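So the chains spell out like this:
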Amino acid sequence: YRRLYRPQEDVHENLYLVDCAEGTQLQLRKSRVRMQRIDHIFISHLHGDHYFGLLGLITSLHLLGRTKELYVFAHAKLKEIIDINLDASNTILRYPLIFQEINPEKHEQIFENDSILVESFPLNHNFPVNGFLFREKPARPIIHTDFLENRQLSNNELQKIKKGENYVDPEGNIYLNQDITTLPPPPRSYAYCSDTAYFEPIIPVIAGADLLYHEATFMEDKAQDAADKFHSSAAQAATIA
């Protein structure tokens, strides 16, 4: 998400991992992504090519001395799988692993912080699968650096300016908000549609997304294979886009 999309700085400082297949740790290292900066993992469904790397990642973070929480959002059975493996290996994690169950049949918001909202929504596969929609929250105006020079503004004054208020200095001079701020970039969104047949009901959910990841397992000459296996052809993914 970070490398493909490059969201605003406040989102940019948080890394979100979507699905975790075998080889994920290797790819993270190749991309020079620090695994310890990942605090939230979203698993679309429980086919192995989407989660078999998770247990290794959880254990590696433990061995590397992680102490801060790790949140995993997934279908309920994954918690059983994680617990069985940790119990079988007599592993007591150094950090809190917080499992958040998602409903495979419901479109709902599953996560929110100061800068982003995450929704999950059902897809159409021969197995319970969820897609994810990441939406940045609108950012506040950016105060011009030349205005801030030689001024000692309190945090309260800064927050008022960011909320759109004019600034009145101690001498009574009024500075209009539009003259001392710049509008931030518009908030962006990223839709992740994992294994799914062609499924038009997702269109209202992902409409307007700035970046769409949609599976395209087959070319159009194998469209029937795609339908039989509840996957999409490249042309169908393009049609959804």
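Up top is the structure these notes are about.
Keep in mind it's a predicted model, so treat the numbers as computed, not measured.

Thresholds, definitions, all that
- Residues numbered from 1 in each chain as written.
- Predicted model: local features only at pLDDT ≥ 70, side-chain atom pairs only at ≥ 80, totals over all residues.
- Heavy atoms only, no water.
- Phe/Tyr/Trp six-rings, centres within 6.5 Å; stacked < 30°, edge-to-face > 60°.
- Helix = DSSP H or I, 4+ residues; strand = E, 2+ residues; numbered from the N terminus.
- Buried < 20%, exposed > 50% of the residue type's maximum accessible area, 1.4 Å probe, protein only.
- Lys NZ or Arg CZ within 6 Å of the ring centre and 35° of its normal.
- Core = buried A, V, L, I, M, F, W, Y, C linked by side-chain atoms within 4.5 Å.
- Contact = heavy atoms within 4.5 Å.
- Patch = residues over 30% accessible without salt bridge, like charges linked within 9 Å, V, L, I, M, F, W, Y side chains within 5 Å.
- Areas by Shrake-Rupley, 256 points an atom, 1.4 Å probe, with all protein chains shown as cover.
- Salt bridge = Lys/Arg side-chain N within 4 Å of Asp/Glu carboxyl O.
- Lys, Arg positive; Asp, Glu negative; His and termini not counted.
- Charge placed at Lys NZ, Arg CZ, Asp CG, Glu CD.
- Pairing = 2+ DSSP bridges.
- Axes fitted to C-alpha atoms, helices over the stretch in contact; angles between N-to-C directions.

## Re the packing of aromatic side chains
Scanning all chains against the criterion turns up 14 aromatic pairs. Taken together, a centroid distance of 5.9 Å and an interplanar angle of 70° make the contact between Phe 73 and Phe 111 edge-to-face. Of this pair, Phe 73 sits in strand β3 (residues 70–74) while Phe 111 sits in strand β5 (residues 108–112), and the two are 38 residues apart along the sequence. Taking 6.0 Å as the distance between ring centres and 40° as the angle between the ring planes, the aromatic pair formed by Phe 134 and Tyr 190 counts as tilted. Of this pair, Phe 134 sits in strand β7 (residues 130–136) while Tyr 190 sits in strand β12 (residues 189–193), and the two are 56 residues apart along the sequence. Under the relative-accessibility criterion, Phe 134 is labelled buried at 1%. An aromatic cluster is present here, built from Tyr 16, Phe 42, Phe 73, Phe 111, Phe 132, Phe 134, Tyr 190, Tyr 192 and Tyr 213 joined pairwise through their rings. If you follow Arg 66 out to its NZ or CZ, it ends over the ring of Tyr 95, 5.6 Å from the centre.

## Concerning the nonpolar core
Judged by nonpolar contacts, the single largest core of 24 residues is most densely connected at Ile 41, Ile 43, Leu 54, Leu 57, Ile 58, Val 72 and Leu 78. Put simply, the parts of the chain that give this core at least two residues each are β1 (15–18), β2 (38–42), α5 (54–63), β3 and α6 (76–88). The element that contributes the greatest number of residues to this core is α5, accounting for 4 residues. When neighbours within four sequence positions are excluded, Ile 43 is seen to be in contact with Asp 19, Cys 20, His 50, Tyr 51, Leu 54, Phe 73, Ala 74, Leu 78, Ile 102 and Phe 132. Phe 42, Ile 102, Phe 111 and Phe 134 belong to the second-largest nonpolar core, a separate cluster that totals 13 residues.

## Observations concerning a negative patch on the surface
Among the surface-exposed residues, Glu 220, Asp 221, Asp 225 and Asp 228 lie close enough to one another that they form a single negatively charged patch. In this structure Asp 221 comes out as exposed when scored by relative accessible area, which is 67%.

## Overview of the pattern of salt bridges
Counted under the stated rule, the structure contains 7 salt bridges. For Asp 83, the salt bridge is made with Lys 79, and the minimal N-O distance between the two is 2.8 Å. On the criterion of helical spacing, the pair formed by Asp 83 and Lys 79 is a turn pair, its members being 4 residues apart in helix α6. When the shortest N-O distance is used, the salt bridge between Arg 188 and Glu 136 registers 3.7 Å.

## What to know about the sheet that holds β5
A sheet is described by the order of its strands in space; here 5 strands give the open sequence β5-β6-β7-β12-β13, paired in mixed fashion. Each of the sheet's edge strands pairs with one partner strand only, and the pair in question is β5 and β13 (211–214). Averaged over neighbouring strand pairs, the angle between their axes works out to 15° when direction is ignored. Alignment of β7 against β12, held across 4 bridges, turns out to be antiparallel. Paired with Phe 134 across the bridge in β12 is Tyr 190.

## As for α5
Among all positions in α5, only Leu 54, Leu 57, Ile 58, Ser 60, Leu 61 and His 62 are buried. Immediately downstream of α5, the backbone of Gly 65 shows phi near 90°, a positive value.

## Quick notes on a nonpolar patch on the surface
A cluster of nonpolar side chains, Val 168, Ile 174 and Leu 176, forms an exposed patch at the surface whose accessible area comes to about 270 Å². Looking at the element boundaries, Ile 174 is found in strand β10 (residues 174–175).

Purely geometric numbers; function is a separate question.
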